[in-house]
Amino acid sequence: MKKILIGTTVAVVSLLFVSCANTNPVPQNTKFLNDSEIKTLFNDKTASGLTSGSGKQYEIKFNSDGTFAGTVASNSISGTWFVKDTNKCMTIKNKNYCSKHYKQDGKYFTYNESKNRVVPLIVK
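For clarity, every value in this text was computed on a predicted model and none was experimentally measured.

1. Points about the overall build of the chain
Each helix and strand counted, the chain has two helices and eight strands in total. The N-to-C order of helical and strand elements in the chain reads α-α-β-β-β-β-β-β-β-β. By residue count, 29% of the 124 residues in the chain fall in the buried class. Relative to all contacts within the chain whose residues are 6 or more apart in sequence, the contacts with residues 24 or more apart total 37%. Counting every atom, the chain has about 8,400 Å² of accessible surface; 55% of that belongs to carbon and sulfur.

Shown next, in the form of structure tokens:
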């Protein structure tokens with residue numbers, strides 16, 4: 001009986017740790033920017049920070065004509081960008097990379113849903 005109780009306790013604690021590890025990093029009740037807000041934030045502006053996928057340093061100029069150019073970890077990149085379903089998407093070498101954005105306490109953040117990662121965003 002004692003072994004069953006210990007085994008059950010270990011299983012429950014293990015499940016709790018696993019469920020805690022999969023929590024969403026976006027604060028509760030966060031309202032993501034809508035399509036119009038995203039366009040206003042990025043049109044003819046330069047964004048910098050860490051990529052939400054790989055965590056590499058970037059600086060990218062987003063043009064209002066839907067093109068962008070910049071650097072990621074000292075490598076030049078360019079392509080097109082667009083907004084769809086409250087996501088800012090960038091097309092690089094025929095592949096789309098999309099992320100959501102939100103504002104909290106006067107600061108902007110990028111949320112990469114597929115990586116479940118949030119990073120700060122600086123736009124000038």
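Next comes the rest of the description.
2. Some points on the sheet that holds strand S1 (residues 45-50)
Pairing within the closed barrel is antiparallel, and its eight strands lie in the order S1-S2-S3-S4-S5-S6-S7-S8. Along the sheet, successive strands turn relative to each other by an average axial angle of 35 degrees, direction set aside. As judged from the six bridges shared by strand S3 (residues 67-72) and strand S4 (residues 75-84), these two strands associate in the antiparallel manner. Looking across to S4, one finds that Thr-71 is bridged to Ser-76. Set on the sheet, helix H2 (residues 35-42) makes contact with S1, strand S2 (57-62), S4, strand S5 (87-92), strand S6 (95-104), strand S7 (107-112) and strand S8 (117-123); between it and S4 the angle comes to about 150 degrees.

3. Observations regarding the confidence of the model for the chain
Of all residues in the chain, 82% have pLDDT values of 70 or greater, and the mean over the chain is 86. A low-confidence stretch, residues 7-20 stays under pLDDT 50, and its non-local contacts, those more than four residues away or across chains, total zero contacts.

4. Considering the layout of surface pockets
Each pocket or cavity is described by its volume, and for the largest pocket that value is around 800 Å³. In this structure, the largest pocket is lined by 33 residues; those nearest its centre are Thr-51, Ser-52, Gly-53, Ile-92 and Tyr-97. Broken down by secondary-structure element, the contributors of at least two residues to the lining of the largest pocket are S1, S2, S4, S5, S6, S7 and S8. The leading source of residues in the lining of the largest pocket is S6, at six residues. Grouping the constituent residues of the lining of the largest pocket by class yields 16 nonpolar, 12 polar and five charged.

What counts and what doesn't
Residues numbered from 1 in each chain as written. Predicted model: local features only at pLDDT ≥ 70, side-chain atom pairs only at ≥ 80, totals over all residues. Heavy atoms only, no water. Helix = DSSP H or I, 4+ residues; strand = E, 2+ residues; numbered from the N terminus. Buried < 20%, exposed > 50% of the residue type's maximum accessible area, 1.4 Å probe, protein only. Contact = heavy atoms within 4.5 Å. Areas by Shrake-Rupley, 256 points an atom, 1.4 Å probe, with all protein chains shown as cover. Pairing = 2+ DSSP bridges. Axes fitted to C-alpha atoms, helices over the stretch in contact; angles between N-to-C directions. pLDDT = per-residue confidence, 0-100. 1 Å grid on protein atoms, 1.4 Å probe; cavity = no way out; pocket = protein on both sides within 12 Å on 5 of 7 lines; lining within 4 Å. Points joined across faces, edges and corners; volume = space filled by probe spheres on them. Nonpolar A, V, L, I, M, F, W, Y, C, P; charged D, E, K, R; others polar.

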